[in-house]
Amino acid sequence: MVSLVIHLSITKLSGPYSLQSTLMPAIGFNLTPIFDGDRAVRNKRSWGHVKSLKSLQPYANPRSSYPVPNEKSNGYIYAKIFGGFEKIRSSICDLVTISRLLNATLVIPEIQESLQSKGISYKFKSFSYLYDEEQFIASLKNDVIIVNSLPENLKAGRRRNEIHTYKPKSSASPNFYVKEILPELKKSKVIGLVLHDGGCLQSILPPSMSEFQRLRCRVAFHALKFRPKIQVLGQLMVQRLRASGQPFLAFHPGLVRNTLAYHGCAELYQDVHTELIQYRRAQMIKQGILNDKLSVDSHVRRSNGSCPLMPEEIGLLLKEMGYSTETMIYVAGSETFGGQRILIPLRANFSNTVDRTQVCTKQELSDLVGPETPLPLNPFQPPPTKTEEQLKEEWNRAGPRPRPLLPPPDRPIYQHEKEGWYGWITESDTEPDPSSVDLRNQAHRLIWDALDYIVSVEADAFFPGFHNDGSGWPDFSSLVMGHRLYESASSKTYRPDRRVLAELFNVIHDNLYHHNNRTWKRVVREHLNKSLSEDGLIRQSLLSKPTTFLSHPLPECSCRIPSAEVRKQVKGNDGRFLYGGEDECPRWMQLSQEDTRAESAVVEEEGSDDNSEPEYENVGVEQQESDDSRGRSGLTQIPMDQDDEWDPND
């Protein structure tokens with residue numbers, strides 16, 4: 001006992017001291033920094049920038065003749081946008097581009113996710129619930145004329161349904177708008193667009209339309225600013241996560257019910273969760289969103305890379321990449337199908353795993369929502385009680401006597417069973433229409449996603465559990481990856497190939513947590529390191545860009561600082577640049593970057609460590625790829641290196 005007390009005293013006196021930020025509310029995760037002398041330890045391999053991408057800089061300014069929009073436009077375009085945060089953001093960028101293409105005046109679009117919610121705060125309209133209207137209009141004044149509403153004479157026609165309305169697909173071509181919609185716009189002076197697919201214009205445009213691609217970037221990365229309160233709280237969350245002096249990693253699970261249903265990943269779950277996914281999949285097939293069979297083998301889909309990585313797999317990958325168990329991990333996303341239970345394996349490996357509810361106080365989150373009309377706390381309506389006459393009539397109509405004893409009374413119905421997904425599936429075969437509580441929660445998710453988006457873009461590293469790879473619609477992770485690529489291409493952004501990782505996990509499936517296969521670990525590190533650099537960008541350009549331009553805004557929206565290294569240029573089969581087709585940055589940008597590099601070189605020299613690990617770009621060998629355009633790797637047969645300490649019975 002005396003020895004134990006002495007050792008604890010020594011540990012208390014000599015251990016790292018606690019640094020509690022004054023900005024941080026009383027939350028339950030560790031804020032103790034790891035200090036080496038007078039500075040926090042920052043592992044280059046885990047947190048350092050990607051050297052080969054440092055010359056890429058954001059540059060979305062017009063490069064050619066780009067006249068200011070004509071005040072005498074061809075007419076007005078108003079739009080209704082359906083869907084969540086990702087679809088809204090992509091759709092707005094396409095709307096502005098279409099307005100410029102048709103020389104039309106854009107009316108501030110209506111976000112139906114907030115309009116459908118009854119009783120949201122009276123302070124906001126549909127667009128201003130999420131974004132800053134004044135900033136949006138002012139930032140694009142040299143690109144498109146934007147107004148808050150239709151003129152009075154056109155409003156009346158809209159109320160009488162006299163305005164032509166179109167429902168374009170996200171793959172609609174510029175010719176569709178020029179040949180079919182422009183004549184009607186000139187004739188009636190107003191058209192309506194209804195957007196469901198997360199966009200209204202094809203992702204890849206001809207090289208002659210590069211200015212329209214740069215316009216998309218100016219909208220997404222400069223004009224679409226969240227309203228001030230969201231911006232302030234988002235930046236405050238970033239400060240709190242860095243209050244310990246250590247970097248942090250943002251992780252988006254991608255476990256969304258619609259995504260799981262679309263890709264056929266129901267069997268990754270069990271019991272009621274599988275039923276819920278299959279029910280949504282049946283709805284998608286009935287609505288024509290999905291052209292596939294209802295029942296598919298989820299394990300085959302997972303092997304094809306169609307399903308999200310599970311949190312326990314993410315935890316294992318991060319450990320193999322050298323992230324310590326004390327690493328701060330921020331879990332983004334307003335919906336994680338399966339709830340907090342599904343994140344238990346990740347939290348078991350990384351104790352400092354947090355989300356917005358732990359970084360913000362309840363008061364801060366409620367202030368963002370604003371004053372709302374109160375809703376009944378218990379929307380569940382019990383079945384009506386039967387009168388004595390009805391009970392007697394049922395008794396008389398009952399079967400022959402003698403009858404068995406009455407069944408015991410039902411157990412009480414708890415509050416969590418009355419709301420959400422679990423309330424109906426045991427009593428009905430059809431999902432009920434969303435309640436007022438459900439609709440309001442959908443509107444709130446837009447705000448939570450906005451906060452998570454800010455944190456994910458600013459994070460020191462980002463790891464997606466699922467990102468768009470050529471199928472489906474825009475998703476949260478793809479937009480974050482594209483924004484990080486635009487603002488800071490050299491930042492740590494993992495772009496894993498889920499098909500390759502599925503093969504790797506199949507090798508150690510029976511020994512997931514206790515394996516000691518050094519070859520397996522080396523292959524994992526090589527694959528993830530390659531995903532950070534040119535190989536990851538080339539694959540993303542091949543698979544993600546054809547679906548969502550904002551997921552990969554290169555080379556149109558970037559420029560390159562000249563460097564001593566020979567620029568690598570890769571072209572696809574269609575002749576477009578997959579990597580290396582960026583223009584040279586203007587002189588003023590080169591000078592500012594030289595000053596920045598000189599300052600960072602001084603800082604690195606002062607903080608250099610003789611024992612620092614080598615840059616990850618020099619670690620690893622070429623990854624073998626097949627010709628099936630999916631980057632499939634022949635890594636299934638990995639030799640199991642049996643170490644001396646490996647226990648076959650473990």
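Cut-offs applied
Residues numbered from 1 in each chain as written. Predicted model: local features only at pLDDT ≥ 70, side-chain atom pairs only at ≥ 80, totals over all residues. Heavy atoms only, no water. Helix = DSSP H or I, 4+ residues; strand = E, 2+ residues; numbered from the N terminus. Buried < 20%, exposed > 50% of the residue type's maximum accessible area, 1.4 Å probe, protein only. Contact = heavy atoms within 4.5 Å. Areas by Shrake-Rupley, 256 points an atom, 1.4 Å probe, with all protein chains shown as cover. Disulfide = S-S within 2.5 Å. Pairing = 2+ DSSP bridges. Axes fitted to C-alpha atoms, helices over the stretch in contact; angles between N-to-C directions. Expected span 1.5 Å × (residues − 1). Bend = angle between axes of the 7 residues up to and from the residue. Parallel < 35°, antiparallel > 145°, perpendicular 65-115°, else oblique. Phe/Tyr/Trp six-rings, centres within 6.5 Å; stacked < 30°, edge-to-face > 60°. pLDDT = per-residue confidence, 0-100.

Enquirer: Just checking my understanding: could you explain the overall build of the protein for this structure?
Expert: Across its full length, the protein holds 24 helices and 18 strands. Of all 650 residues assigned to the protein, the portion counted as buried reaches 49%. Counting only contacts in the protein whose residues sit at least 6 apart along the sequence, the fraction spanning at least 24 positions is 80%. For the protein, the accessible area works out to roughly 33000 Å², and carbon and sulfur atoms hold 52% of it.

Enquirer: What's the story with the state of the cysteines in this structure? I'm lost.
Expert: A covalent bond between the sulfur atoms of two cysteines is referred to as a disulfide. Applying the stated rule across the entire model yields three disulfides. A sulfur-sulfur separation of 1.9 Å characterises the disulfide bridge that pairs Cys-217 with Cys-557. Across the S-S bond of Cys-217 and Cys-557 the torsion is about 90°, and the bridge reads as right-handed. Here the residue Cys-217 occupies a position in helix α8 (residues 210-223), and Cys-557 occupies one in the loop between α23 (534-543) and β15 (558-560), the gap between them amounting to 340 residues.

Enquirer: What exactly am I supposed to notice about the sheet that holds strand β12 (residues 353-354) here?
Expert: Strand pairs in the sheet, formed through backbone hydrogen bonds, run parallel or antiparallel to each other. Pairing within the open sheet is parallel, and its five strands lie in the order β12-β11-β10-β13-β14. Bordering the open sheet on either side are β12 and β14 (492-493), each of which pairs with just one other strand. Relative to β14, strand β13 (residues 461-464) runs parallel, the two sharing two bridges. Across the sheet, Ala-461 pairs through a bridge with Lys-492, a residue of β14. Across the sheet, helix α20 (residues 476-487) is in contact with β10 (248-252), β13 and β14; its angle to β13 comes to roughly 150°.

Enquirer: Before we go on, may I ask you to explain the pairing of β10 in this structure?
Expert: Look at any regular strand and the pattern is simple: side chains alternate between the two faces of the sheet. Where burial is concerned, most of β10 is hidden: five out of the five residues are buried. Pairing of β10 with strand β11 (residues 328-331), which is carried by four bridges, proceeds in the parallel orientation. By the bridge assignment, Ala-250 is partnered in β11 with Tyr-330. Relative to β13, β10 runs parallel, the two being bridged by four bridges. For Leu-249, the partnering residue across the bridge sits in β13 and is Ala-461.

Enquirer: Please clarify how helix α7 (residues 174-188) should be interpreted in this entry.
Expert: Turn by turn, an α-helix covers 3.6 residues, leaving residues three or four places apart pointing in a common direction. In a regular helix each residue adds 1.5 Å, so 15 residues correspond to 21 Å; α7 covers 20 Å between its end C-alpha atoms and thus fits that length. Maximal helix bending in α7 amounts to about 45°, located at Ile-181; proline Pro-183 follows within four positions. Listed in full, the buried residues belonging to α7 are Pro-174, Tyr-177, Ile-181, Leu-182, Glu-184 and Leu-185. The inward-facing, buried residues of α7 contact β4 (76-81), α3 (85-101), β8 (165-166) and β9 (190-195). Where α7 terminates, the next one or two residues include Lys-189, which has phi positive at roughly 70°.

Enquirer: Any chance you could explain the packing of helix α21 (residues 498-507) against helix α22 (residues 518-532) here in plain terms?
Expert: When two helices pack together, their arrangement is given by the angle between the helix axes and the distance between those axes. Packing of α21 against α22 brings their axes to within 11 Å, and their N-to-C directions diverge by 170°. Viewed along their axes, α21 and α22 adopt a mutual orientation that is roughly antiparallel. In contact with Val-500, Leu-501, Leu-504, Phe-505 and Val-507 of α21, α22 contributes Trp-520, Val-523, Val-524 and His-527.

Enquirer: I tried to follow the packing of aromatic side chains on my own but got confused; where do I start?
Expert: How two aromatic rings sit relative to each other is given by the distance of their centres and the angle of their planes. Considering all chains together, one arrives at 16 aromatic pairs under this definition. Taking 6.2 Å as the distance between ring centres and 75° as the angle between the ring planes, the aromatic pair formed by Phe-226 and Tyr-453 counts as edge-to-face. Residue Phe-226 is located in the loop between α8 and α9 (228-241), and its partner Tyr-453 is located in helix α19 (residues 436-458); the two are separated by 227 residues in the primary sequence. What makes Tyr-453 buried here is its relative accessible area of 3%. Relative to Tyr-494, the ring of Phe-463 has its centre 5.2 Å away and its plane inclined at 35°; by these criteria the two rings are tilted. One end of the pair, Phe-463, is in strand β13; the other, Tyr-494, is in the loop between β14 and α21, with 31 residues separating them in the sequence. The two residues Phe-463 and Tyr-494 agree in class, both being buried. Through a chain of ring-to-ring contacts, three or more aromatic side chains come together here, namely Phe-85, Phe-127, Tyr-131, Phe-136, Phe-226, Tyr-453 and Phe-476.

Enquirer: I'm lost on the sheet that holds strand β3 (residues 56-58) in this one. Help?
Expert: Pairing is mixed in the open sheet, where three strands are placed in the order β3-β15-β18. With one partner strand each, in any of the chains shown, β3 and β18 (583-584) form the two edges of the open sheet. The sheet contact formed by β3 and β15 spans three bridges and is antiparallel. Residue pairing across strands places Leu-56 opposite Arg-560, the latter belonging to β15.

Enquirer: For this particular structure, what's the right way to read the confidence of the model for the protein?
Expert: One rule of thumb: low pLDDT means the predicted coordinates there are not for detailed reading. Put simply, the protein has an average pLDDT of 82, and 80% of its residues get 70 or more. In this model, residues 606-650 is a region of pLDDT below 50 whose contacts with residues beyond four sequence positions or in other chains number 77 contacts.

Enquirer: I tried to follow the side chain of Thr-493 on my own but got confused; where do I start?
Expert: With respect to the helices and strands, Thr-493 occurs in strand β14. Overall, the relative accessible area of 1% leaves Thr-493 in the buried class.

Enquirer: Help me understand α22, please; the structure alone is not making it clear to me.
Expert: Taking 1.5 Å as the rise per residue, α22 with 15 residues should run 21 Å; its terminal C-alpha atoms sit 22 Å apart, in good agreement. For α22, the tally of buried residues reaches 12 of 15 residues, placing the bulk of the element in the interior. Those residues of α22 not exposed but buried are Thr-519, Trp-520, Lys-521, Val-523, Val-524, Glu-526, His-527, Leu-528, Asn-529, Lys-530, Ser-531 and Leu-532. Here the buried face of α22 lies against α13 (311-320), β13, β14, α21 and α23.

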